[in-house]
Amino acid sequence: MRVAKLLQTLLLTALLLASSSVLTKADDGYRLWLRYDALPAGNAALYRPRVASLDIGGDSATAAAIRDELKTGLGGLLGAEIPLSGKLNDGAVLAGTPQNSPAIAALKLPLADLGDDGFVIRSVRIKGKNVTAIAARSELGALYGAFHFLRLVQTLQPIANLNVTEKPKIALRMLNHWDNPDGSIERGYAGKSLWNWAELPEKIDPRLRDYARADASVGINGAVLNNVNASAQILTAEYLKKVAAIAAVFRPYGIRVFLSARFSAPIELGGLKTADPFDAGVKKWWRDKADEIYGLIPDFGGFLVKANSEGQPGPRTYDRTHADGANLLAAAVAPHGGIVIWRAFVYDMKPGYDRAGAAYENLRPFDGKFAPNALLQVKNGPVDFQPREPFHPLFGAMPKTQVMPEFQITQEYLGFSNHLVFLAEMWREVLSSDTYAKGRGSTVARVADGSLFRQKLTAVAGVANTGSDRNWTGHDFLQANWYAFGRLAWNHELSPAAIAGEWIKMTLTREPAAVARIARLMLGSREALVDYMTPLGLHHQMWGGHHYGPAPWWNSYSRDDWNPTYFNKAAADGIGFDRTKTGSDTVSQYFPPVRDEFSNLKTVPDKYLLWFHHVPWTYRMRSGRTLWDELALRYQRGVDWARNARREWDAVKGAIDDERFRAVARKLAIQERDAVWWKDASLSYFQTFSKLPLPAGVEKPARTLEEYKKIDLLDDFARGIGSFDENHK
Ligand code: GCV
């Protein structure tokens, strides 16, 4: 009897331990949103009748990828082996194209308008059997459909009555990697480059395939492998073989490889005396180089170029235009179906100029001058990937040019991989901004998707936040920005709330209360970060060089347009950059009525106030408060959010595995510390001009301004910025 009792106790303890280990099991975040752990038994039981077997058409590498993903994914989620069978039994899931699957062909689904990447998912009855068909015109479309189907199951959506039709709004959805040949990543905060150049092409890191899977799962179909501050080395025969090896891994997943091209490569690699785009030898060098690349990589995407910007070589050196430069490279890749993406991030310091107006001045005169296979890549805002900028005035201003937006997923100015900030909110704000280029409704999104000016090539780029850290992005939550970029690139109408919901359920937890809490945290994070870093339209207030932490006093660069003081213009009479007629007048680069709205103090949104106006400290805001009080309270609001974020996170303990829970908690502690530092350092500095007391409710700075000026937050808190593994201890 006593033995039986003991056994019973032991059994109960074992069961309890087993169930709690489901929650606390270590998870290093490597699997991203493609985790495929078993669903709760009740959910799995509901799905199982509809996922009884798999029938995947084709024998290509892409078909194998579909088979593999569905078998592993559905098998894992449903906790059962899903057989591959060629039969149309009840509950069969078919995937393929009319060409590779007779069963799909027989369904005669409406695929004609799906383009190359679209798909349909239909619940159909064939000979009395319930079947799910994932069908597309191309195998890649079927792969995207397979990932969509998996997402439905991962997020616990019903699958019995499916009638899904999806196709991307933008054709080329690409990541720009700022990776260098030495394995470092410019503005990368998640370890080293994923491309191990030393070992390639002989050794292929299995991680490359997982990168491709993750990209394809959200529809990303292009990757620029190297930094726009490019080394010509990537174009050598030796490196091109390595690039070809990466391209081979990516190919089945529909990811085309691109390279950043150094404009002076004909001199550095070819021994030519010039890189002048009109020089016959230079033209031949690029043509030959393109032939060489396409000989190795037949589906090579093309070149991305940063020219005559921040010290990079370019056509201006030879008195040629940006269009001349772009068209030189466009001509070289055109015979192979390649494209050239020319960056509009060009600004030349001139006395008294406004950096925010430079790209427009430099590029707009060349509207209509770019080759048909060239695109112009424009950063989302006119300065440089700030926590908040108004949309770039080039959107809508070049109707005869194929313009594409560039976003920054990596958080150069947004607290590196230490701050939780969900960027979908920012990208939506930009994409839904109305340029009024052709009247109301001329949104940035419609410039990008080609519906406004009917451009042939459409594209969007995101500067990647990936690296060799085990969890890819340094901070577990910043995987959500990679995910969100892909989802928005596919469909810019998706709401940040919907994207956050999907990502949380696939990546962290499906517990409804925890999902809601985490979603609130994510959706409030961007506004909070703006509050504690650069409220009311302030911008570029970061410490010089590395851009981590506040330095609104910084004025020591000889290039004024890199100095925070140049951007804040704080003085006894007020703060803010006057971009109206009484100042630089770059507000006039916007179309009416946008320019009128932004120019007028009565109508400019608070969020852009100090971007466009220099305003007295005692200026009366819409809230009824003075500008000084409002500013101080915004900083405080950001700090309050960061404090509360830690409490919110504590409240989801148990709904997330311990390893990621602790890693995120550590990052949130850094974020709070930084938010306080931002508030204190910024207000201490601005107070030397306003000479006003902090309003009630704003905490007093802990240090003196002199101390803030001396301490580099990055050095001081470097421990928090270490590798992911360190943060998962
Ligand atoms: C790749 C900013 C960054 C640079 C970056 C540049 C660009 O200036 O600080 O690191 O260079 O933007 O986008 O080209």
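Residues numbered from 1 in each chain as written. Predicted model: local features only at pLDDT ≥ 70, side-chain atom pairs only at ≥ 80, totals over all residues. Heavy atoms only, no water.

Visitor: Please give an account of the overall build of the chain that cites residues and values.
Guide: Scanning the chain for helices and strands turns up 24 helices and 13 strands. In terms of C-alpha radius of gyration, the chain reaches 27 Å, essentially the compact-globule figure of 27 Å for 729 residues. The dimensions of the chain, computed from C-alpha atoms along their principal axes, are 80 × 80 × 50 Å. Within the span of the chain, comprising 729 residues, buried residues form 61% of the whole. Within the chain, contacts between residues at least 6 apart in sequence are counted, and of these 73% link residues at least 24 apart. (Helix = DSSP H or I, 4+ residues; strand = E, 2+ residues; numbered from the N terminus. Rg over C-alpha atoms; globule rule 2.2 N^0.38 Å. Buried < 20%, exposed > 50% of the residue type's maximum accessible area, 1.4 Å probe, protein only. Contact = heavy atoms within 4.5 Å.)

Visitor: Which residues make up the pattern of salt bridges, and what values do they have?
Guide: Throughout the structure, instances matching the rule amount to 45 salt bridges. Here Glu292 ties to Lys289 by a salt bridge, and the two come within 2.9 Å at their closest N and O atoms. On the criterion of helical spacing, the pair formed by Glu292 and Lys289 is a turn pair, its members being three residues apart in helix 9 (residues 280-296). Judged by relative accessible area, Lys289 falls into the buried class, the value being 8%. A salt bridge links Arg343 to Glu406; the nearest nitrogen and oxygen atoms lie 2.8 Å apart. Remark: Glu406 occurs in strand 12 (residues 403-408) and Arg343 occurs in strand 10 (residues 339-343); sequence separation between them is 63 residues. What makes Arg343 buried here is its relative accessible area of 2%. Taking relative accessible area as the criterion, Glu406 reaches 0% and is therefore assigned buried. Linked through salt bridges whose partners overlap, the residues forming this network are Asp27, Arg31, Arg35, Asp37, Asp657 and Arg660. (Salt bridge = Lys/Arg side-chain N within 4 Å of Asp/Glu carboxyl O.)

Visitor: Give me the lowdown on the environment of Lys569, citing residues and values where you can.
Guide: Inspection of the secondary structure puts Lys569 in the loop between helix 17 (564-568) and helix 18 (594-599). Spatially, the C-alpha atom of Lys569 lies 9.5 Å from that of Pro552, the residues being 17 residues apart in sequence. Those residues in contact with Lys569 that lie beyond four places of it in its chain are Gly574, Ile575, Gly576, Phe577 and His614. A polar side-chain atom of Lys569 sits 2.7 Å from the main-chain carbonyl oxygen of Tyr566. (Polar contact = N/O pair within 3.5 Å; in protein donor to acceptor, adjacent residues only side chain to side chain.)

Visitor: Lay out the side chain of Asp367 with the relevant residues and their values.
Guide: Among the structural elements, Asp367 can be located in the loop between helix 11 (358-363) and strand 11 (374-379). There is no salt bridge for the buried Asp367, and the closest opposite charge comes from Lys400, which lies 4.8 Å off by N-O distance. (Lys, Arg positive; Asp, Glu negative; His and termini not counted.)

Visitor: Please set out the sheet that holds strand 2 (residues 92-96) residue by residue, giving values where relevant.
Guide: Within the open sheet, the five strands sit side by side as 1-2-4-3-5. Their pairing is mixed. One side of each edge strand has no neighbouring strand; the edge strands of this open sheet are strand 1 (53-56) and strand 5 (163-166). On average, adjacent strands in this sheet sit at an angle of 20 degrees to one another, irrespective of strand direction. Where strand 3 (residues 119-126) meets strand 4 (residues 129-135), seven bridges bridge the pair, whose relative direction is antiparallel. In the sheet register, Arg122 faces strand 4, and the bridge partner there is Ala133. Against the sheet, helix 5 (residues 139-154) engages strand 2, strand 3, strand 4 and strand 5, with an angle of about 75 degrees to strand 3. (Pairing = 2+ DSSP bridges. Axes fitted to C-alpha atoms, helices over the stretch in contact; angles between N-to-C directions.)

Visitor: Would you mind going over helix 21 (residues 658-690) in detail, with residue names and values included?
Guide: Spanning 33 residues, helix 21 covers 47 Å between terminal C-alpha atoms, matching the ideal 48 Å at 1.5 Å per step. Burial of helix 21 is extensive: 24 of the 33 residues sit out of reach of the surface. Looking at the residues trailing helix 21, positive phi occurs at Lys691, about 55 degrees. (Expected span 1.5 Å × (residues − 1).)

Visitor: So what about the site of the ligand? Which residues, and what values?
Guide: Inspection of the region around the ligand gives 14 residues, with Glu186, Lys306, Arg343, Lys379 and Glu412 positioned closest. Here Arg343 contributes a side-chain N or O atom positioned 2.7 Å from an oxygen atom of the ligand. In the complex, the protein chains occlude 96% of the 340 Å² of accessible area that the ligand would expose alone. In terms of residue class, the shell around the ligand is built from three nonpolar, three polar and eight charged. (Near = heavy atom within 4 Å. Areas by Shrake-Rupley, 256 points an atom, 1.4 Å probe, with all protein chains shown as cover. Nonpolar A, V, L, I, M, F, W, Y, C, P; charged D, E, K, R; others polar.)

Visitor: Tell me about the pairing of strand 2, and please be specific about residues and values.
Guide: In terms of burial, strand 2 is a largely internal element, five of the five residues being buried. Alternating positions in strand 2 separate into two faces, Ala92, Leu94 and Gly96 on one and Val93 and Ala95 on the other, with burial throughout. Looking at chain direction, strand 1 and strand 2 are connected through four bridges and run parallel. The residue bridging Ser53 from the neighbouring strand is Ala92, located in strand 2. Pairing analysis gives five bridges linking strand 2 to strand 4, with the strands arranged parallel. Bridge assignment links Ala95 to a residue of strand 4, and that residue is Ile134.

Visitor: For the packing of aromatic side chains, give the residues involved together with the corresponding values.
Guide: One pair of aromatic rings is described through two measures. These are the centre distance and the angle between the planes. One pass over the full model with this rule turns up 41 aromatic pairs. Relative to Trp649, the ring of Phe477 has its centre 5.3 Å away and its plane inclined at 75 degrees; by these criteria the two rings are edge-to-face. Of this pair, Phe477 sits in the loop between strand 13 (459-463) and helix 14 (479-490) while Trp649 sits in helix 20 (residues 627-651), and the two are 172 residues apart along the sequence. With relative accessibility at 1%, the residue Trp649 sits in the buried group. An aromatic cluster of three or more residues is present, and its members are Trp543, Trp553, Trp554, Tyr557, Trp562, Trp617, Trp628, Tyr685, Phe686 and Phe689. Directly above the ring of Phe577 sits Lys569, whose terminal nitrogen or CZ lies 4.4 Å from the centroid. (Phe/Tyr/Trp six-rings, centres within 6.5 Å; stacked < 30°, edge-to-face > 60°. Lys NZ or Arg CZ within 6 Å of the ring centre and 35° of its normal.)

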